[in-house]
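Residue strings, one per chain:
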Amino acid sequence: MVNLRTVVNAILSCRFDLDGKLALTPLRKKIHGARQIVPSNPAHSVRGPRHSVSKGSTRVISSAEATELLKGMKVSSVVGLRDRAIIAVMTYTFARVGAVVTLAVEDYYPQKKHWWLKLHEKNGKVNEMPCHPKLAVY
């Protein structure tokens with residue numbers, strides 16, 4: 001039988017990152033481990049803090065590379081036009097693939113002098129943004 005004090009101390013000894021903020025991933029692992037160790041855990045329904053990353057590590061392509069990519073696509077068919085539009089939206093808005101795929105015709109709308117996109121992101125977030133002038137061409 002595991003001592004409950006040992007489990008609590010393991011959870012409370014979570015790490016902090018370089019900014020002094022709580023490192024959420026190790027904390028979630030420790031909470032999950034505590035759920036597995038204690039057979040009748042009264043805090044089984046307690047959920048850990050939500051982990052969200054604010055800065056990604058995806059490489060960004062240059063403007064020249066984006067133009068070359070879009071001009072090099074075959075647009076002789078409807079599928080080619082669709083693919084070029086999807087890649088253009090992802091290139092000029094930095095949107096996730098899932099948000100671009102779920103776009104509907106109503107999500108592209110005019111507002112005053114500019115066209116806008118309404119992106120439906122993860123966890124029900126809705127992100128409305130103006131279109132880049134080059135994106136409106138595609």
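Everything here concerns the structure above.
Source: prediction; values computed, not measured.

Analysis parameters
- Residues numbered from 1 in each chain as written.
- Predicted model: local features only at pLDDT ≥ 70, side-chain atom pairs only at ≥ 80, totals over all residues.
- Heavy atoms only, no water.
- Core = buried A, V, L, I, M, F, W, Y, C linked by side-chain atoms within 4.5 Å.
- Buried < 20%, exposed > 50% of the residue type's maximum accessible area, 1.4 Å probe, protein only.
- Helix = DSSP H or I, 4+ residues; strand = E, 2+ residues; numbered from the N terminus.
- Contact = heavy atoms within 4.5 Å.
- Expected span 1.5 Å × (residues − 1).

**As for the nonpolar core**
Residues L70, A88, V89, Y92, L117, L119 and L135 are the most contacted members of the largest nonpolar core, which totals 13 residues. For this core, the elements supplying multiple residues, two or more each, are α4 (78-93), α5 (97-101) and β2 (114-120). If you tally residues by element for this core, the top one is α4, at 3 residues. Once residues within four sequence positions are removed from consideration, L119 is found in contact with T93, A95, A99, L103, K125, V126, N127 and M129.

**Observations concerning α4**
Over its 16 residues, α4 runs 22 Å from end to end, which matches the ideal 22 Å to within 8%, given 1.5 Å per residue. Against α3 (63-71), α5, β2 and β3 (126-130) lie the buried residues of α4. Of the residues trailing α4, F94 is marked for its positive phi of about 60 degrees.

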